[in-house]
Amino acid sequence: MLIALHGVGCDIIIGGLLPLHQQTNTSTEHGKFSCVDYDFKIFLHSQVMIYSIGEINQRTPRLLPNFTIGYDIHDTCGDVSHAIRATLQLLKNQSDPHSCLLPAHPDSALPEPQTKVVIGERYSEVSIAVARIFALSSVAQISHASTSELLSRKSKFPTFLRTVSSDEYQTKGIALLVKKFNWKTVAIVGSDDEYGKYGTDRLEDHFIKMSICIEFIVILRDNFTNTKLAELVEQIGNSSAEAIIVFTKDTNVEMIMDAAIKKNLSRTWVASDTWSTSSKIFTMPDIERAGQVFGFIFKRNEVPGFKDYVISMFNRTPNTFLQYHLTQYPLCSNLSEENGGNCSLTNGRQCLDPSCLATYIDQDESYSIYLAVQVIVEGLRRLLKCDHQQCERSAKFTALELFKEIQNVNFTVNTTHISFDRNGDPSLGYDIVYWNTSESQQGTKIITIGEYWPNGEIKVPEYLQNIKTMERTAYNCSKTCKPGHELKTQRKKCCPDCVPCATGEFSPGNGTACKRCGKKQYSDDKQRNRCFKNNDVFLKWSAPFSIILISFGFFGIIISIVFAVLFTIYRGTPIVKAVGGYLCFLELFSLMASFILSFSFIGKPTKAYVCFGLPLFGFAFSICISCILANLLQILVGFQFDLKVGSWVKKLNYPHAVVTIVSGVQLALSVSWLILRPPLPKEIISARMNLHQCTMWSNGYFIAMIAYLAFLALICFLFAIKSKQLPDLYKNAVLISISMLLFLIIWIIFIPLLLSLTGKYKPAIESAAILISSYSILCFHLAPKCYIMVFRKELNNENAITEYIRRHYEQKGMNVVKS
């Protein structure tokens, strides 16, 4: 641990705690440790303290006549443990420097320490730890950089003072700056220490009150690894925050900025006082790739005469810190030739000319240390009752007496008026700085662009408008979206994102909210920038399937007409009588009606009567089947020789009555269907289409109709099987059984399809079922008869029938009487 002591022959000693090194390497062996990461900027801070004390001792006229001030400055290495160790050394017993600072009795006061006042520490975390120890001896601690709001609590830190404003004001100023620039979204990066945690919490409170959205808050832990760093940089790169506020130590910021430069993030950063003027960071190569930086820093001022002191201090008697500095950064032997006047420490250069070292003097913390020395001297002047000639009191005073006088100072140093409030905070403001990287070849320049005072007043001059309004379209909430997208706030995000409109919605662009298309409209999946009318979907007359159905329907009608003509020509022949005589004309008429009804399923159903196809088909086809049933009964009556069976069959052999009764049942079913629950046109609206089709409001009537027809077909099939044992020259029974069986198979297949199927091809299935049913009768029952009429006329006479009947019974061993 480095110690700079100048106390020989001095009447009053001012202690100092400064982190000349930023990190420690702790050994496992007891008491062994080493400090690393030497920071020559803190070295300059130590020299400000030494210079200011020396300037007081040499000032003419003397502020403290007959009194000489010395210093005892310790390197804390930025570590709490080492700072506590240095604190204990500063609080040595005044009467016995080699004894421990312990009370003689548990109830008695501590011995008076040799050091009555201390300047430091820099970091709030360290100040919080040592302030509790200094309070035990009532030693005034004046920090030049610890800004944590926690240190304002006098109940915990009664002797703590500072020459910088509290974070309570800094966080409020940052929030006002964000509001001034009209930024709507921010992200906050803090650290897991008193400075970072309290600053982050206060920022969050201010932003919530101002309705400024915080996209995310990240707290850096002590074990801040490269993995966590990569995650943080990735999160910053993907965020929509307009400003990234970093409230942590400059050592953490250095790592973040290095990664930001490599990733070329180019974001807007807001720096807290710890790094807003950090030379380590703003001198980093390509720092402009990280983006623009705004920062808050204590009111800046130049320490009078310190620059000249730094340039000439190597020619004076060196102090301990100066000697150590020369081991880290020796003086350059020929600066002008080797470096051309470039004072940068990049590219591995490890030497510094005094004039170059002077360029690294900051005007914030250095001036705060200078103010701290002036405050102590003013307190001593008041306590010792000094004028320019003499002091009334001697150097025998207590630390508490000095603290009370320092606490009540109210004076002006150069142009800075300083006094402390009841919390030990001064009434000093902040400068708002901006890192000007536009002249990157000459390095980054930190320029003051505004100021903020604890009374809540923030000033940003007019010339800043060009910075304030610079383009931020990639990271602000004023986004524009391409057509088909809307601005929508996602969960855990501040700014709305461009989100594609959902199916059935549209947006003309510019982030306009998506709106639902009309009831019969849809939006295109690729653009969704406007709505289109739904396509009307139905079985069109021009569709290939429709043309096929129409062709079969017309062909069936033509064949039916041809068959009717043939049956008319040959109406007196045996074959016409064999198929029912005049009933065959009614059968052909019903088949023709079925073929015509197949057309009712094609086209757009707009009128109610268009949907009457199925009920009317049921009635028409029942006529056809009833004619076949009457014909079968005639055959059974003609060849039934069993008197018992023949008697009840003859009672049914009334074709008119059979046709009327059988078809009448179906007529009653169809009429009740059409009256009570008729099929009606319905428009089913779905994505991109309006489906037009006839809808059965009750499947019960449809099932009843088909069940009745199937029942008739089954009876005909059974009668036809029974009639196969009778002499039948024209195979009438066999052909009827085939046609009825085919009818049953068709509707067994089609009924599940019709009940479950939806879409424009459902009417086509219905039409196809009707056509196939009609063709089964036309082809297997009537067509063979027409073939005999035209091509086998020799079979169409009574002699052929008589001969066939005779042979049939002779084969069965029955005697037949010849006429």
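That block above? That's the structure.
Keep in mind that what you see is a predicted model, and the values were worked out from it rather than measured.

Along the backbone of the protein there are 25 helices and 27 strands. With 819 residues in all, the protein has 51% of them scored as buried. Excluding contacts between residues fewer than 6 apart, the proportion of contacts in the protein whose partners are at least 24 apart in sequence is 69%. Of the roughly 37,900 Å² of accessible surface on the protein, 55% is carried by carbon and sulfur atoms.

Turning our attention to the nonpolar core. The tendency in soluble globular proteins is for nonpolar side chains to be buried as a group. Phe-567, Phe-621, Ile-628, Phe-702, Met-740, Trp-747 and Leu-778 are the most contacted members of the largest nonpolar core, which has 71 residues in total. Those elements that place two or more of their residues in this core are α16 (544-569), α17 (574-578), α18 (583-597), α19 (613-639), α21 (655-676), α22 (699-723), α23 (732-756) and α24 (762-791). With 13 residues, α24 is the single largest residue contributor to this core. Apart from residues no more than four positions distant in its own chain, Met-740 is found in contact with Ile-628, Ala-713, Cys-716, Phe-717 and Ile-777. Leu-2, Val-48, Phe-67 and Leu-402 belong to the second largest nonpolar core, which has 65 residues in total.

The next point concerns the sheet that holds strand β25 (residues 535-537). Pairing in this open sheet of 3 strands is mixed, and the strands run β25-β27-β26 from one edge to the other. Two strands in the sheet have a free side with no partner beyond their single neighbour: β25 and β26 (680-686). Geometrically, the sheet is characterised by an average inter-axis angle of 25° between neighbouring strands, direction not taken into account. Where β26 and strand β27 (residues 689-695) come together, 7 bridges link them in antiparallel fashion. Paired with Lys-682 across the strands is Gln-693, a residue of β27.

Two pairing modes exist for strands in a sheet, parallel and antiparallel, and in both the strands are linked by backbone hydrogen bonds. Overall, mixed pairing links the 8 strands, which are arranged β10-β9-β11-β12-β13-β16-β17-β18 in an open sheet. Edge positions in the sheet fall to β10 (213-220) and β18 (458-459), since each of these pairs with one other strand and no more. In this sheet, strand β16 (residues 430-436) lies alongside strand β13 (residues 291-298) in antiparallel orientation, the contact comprising 5 bridges. Each residue of the ladder has a partner; that of Ile-297, found in β16, is Asp-431.

Among the 5 residues in strand β12 (residues 267-271), 5 count as buried, and that is most of the element. Neither face of β12 is left uncovered, since the one carrying Arg-267, Trp-269 and Ala-271 and the one carrying Thr-268 and Val-270 both have all their residues buried. Relative to β12, strand β11 (residues 243-247) is paired through 3 bridges, and the arrangement is parallel. Residue pairing in the sheet places Ile-245 in a bridge with Val-270 of β12. Note that β12 and β13 share 5 bridges and pair parallel. By the bridge assignment for β13, Ala-271 is matched with Gly-295.

Turning our attention to the layout of surface pockets. Any space left empty among the atoms is revealed by the rolling of a water-sized probe across them. Of the voids in this model, the second largest pocket is the one considered here, and its volume is about 550 Å³. In terms of lining residues, the second largest pocket is bounded by 21 residues, among which Gln-22, Gln-23, Asp-222, Lys-249 and Thr-251 are the most central. Elements with a minimum of two residues in the lining of the second largest pocket: β3 (21-26) and α7 (250-263). A per-element tally of the lining of the second largest pocket places α7 first, with 4 residues. Residues of the lining of the second largest pocket, tallied by class, amount to 5 nonpolar, 7 polar and 9 charged.

For the rest of this paragraph, the subject is helix α13 (residues 365-384). Along its 20 residues, α13 runs 28 Å from first to last C-alpha, staying within 8% of the 28 Å computed at 1.5 Å per residue. Burial runs high along α13: 18 of the 20 residues are buried. Within two residues after α13, Lys-385 carries a phi angle of roughly 55°, on the positive side.

It is worth spelling out the pairing of strand β2 (residues 12-18) at this point. In terms of burial, β2 is largely enclosed, as 7 of its 7 residues are buried. Both faces of β2 are covered, namely the face carrying Ile-12, Ile-14, Gly-16 and Leu-18 and the face carrying Ile-13, Gly-15 and Leu-17. Relative to strand β5 (residues 69-75), β2 runs parallel, the two being bridged by 7 bridges. Note that in β5 the partner of Ile-14 across the bridge is Tyr-71. Note: β2 against strand β6 (residues 117-119), 3 bridges, orientation parallel. Bridging from a neighbouring strand, Gly-16 pairs with Ile-119 of β6.

Attention now goes to empty space enclosed by the protein. The tally for this structure, following the rule as stated, stands at 4 cavities of 30 Å³ or more. The space that makes up the largest cavity amounts to roughly 230 Å³. Surrounding the largest cavity, 21 residues form its lining, Phe-601, Cys-611, Cys-694, Pro-763 and Glu-766 being those nearest its centre. Counting only elements with at least two residues in the lining of the largest cavity, the list comes to α19, β27 and α24. Considering every element that reaches the lining of the largest cavity, the biggest residue donor is β27, with 4 residues. When its residues are assigned to classes, the lining of the largest cavity shows 12 nonpolar, 6 polar and 3 charged.

Inspection of the entire model under this criterion finds 29 aromatic pairs. Residues Trp-673 and Tyr-701 carry aromatic rings whose centres are separated by 6.2 Å and whose planes lie at 10° to one another, so their mutual orientation is stacked. Of the two residues, Trp-673 sits in helix α21 while Tyr-701 sits in helix α22, which places them 28 residues apart along the sequence. Across the pair, exposure class does not vary: Trp-673 and Tyr-701 are buried alike. Plain terms: the ring middles of Tyr-787 and Phe-791 are 5.3 Å apart, the flat faces sit at 40° to each other, and that makes the pair tilted. Placement of the pair is Tyr-787 and Phe-791 together in helix α24, with a separation of 4 residues, close to one helical turn. You can call Tyr-787 partly exposed: its relative accessible area is 45%. Assessed through its relative accessible area of 57%, Phe-791 is described here as exposed.

Procedures and definitions
Residues numbered from 1 in each chain as written. Predicted model: local features only at pLDDT ≥ 70, side-chain atom pairs only at ≥ 80, totals over all residues. Heavy atoms only, no water. Helix = DSSP H or I, 4+ residues; strand = E, 2+ residues; numbered from the N terminus. Buried < 20%, exposed > 50% of the residue type's maximum accessible area, 1.4 Å probe, protein only. Contact = heavy atoms within 4.5 Å. Areas by Shrake-Rupley, 256 points an atom, 1.4 Å probe, with all protein chains shown as cover. Core = buried A, V, L, I, M, F, W, Y, C linked by side-chain atoms within 4.5 Å. Pairing = 2+ DSSP bridges. Axes fitted to C-alpha atoms, helices over the stretch in contact; angles between N-to-C directions. 1 Å grid on protein atoms, 1.4 Å probe; cavity = no way out; pocket = protein on both sides within 12 Å on 5 of 7 lines; lining within 4 Å. Points joined across faces, edges and corners; volume = space filled by probe spheres on them. Nonpolar A, V, L, I, M, F, W, Y, C, P; charged D, E, K, R; others polar. Expected span 1.5 Å × (residues − 1). Phe/Tyr/Trp six-rings, centres within 6.5 Å; stacked < 30°, edge-to-face > 60°.

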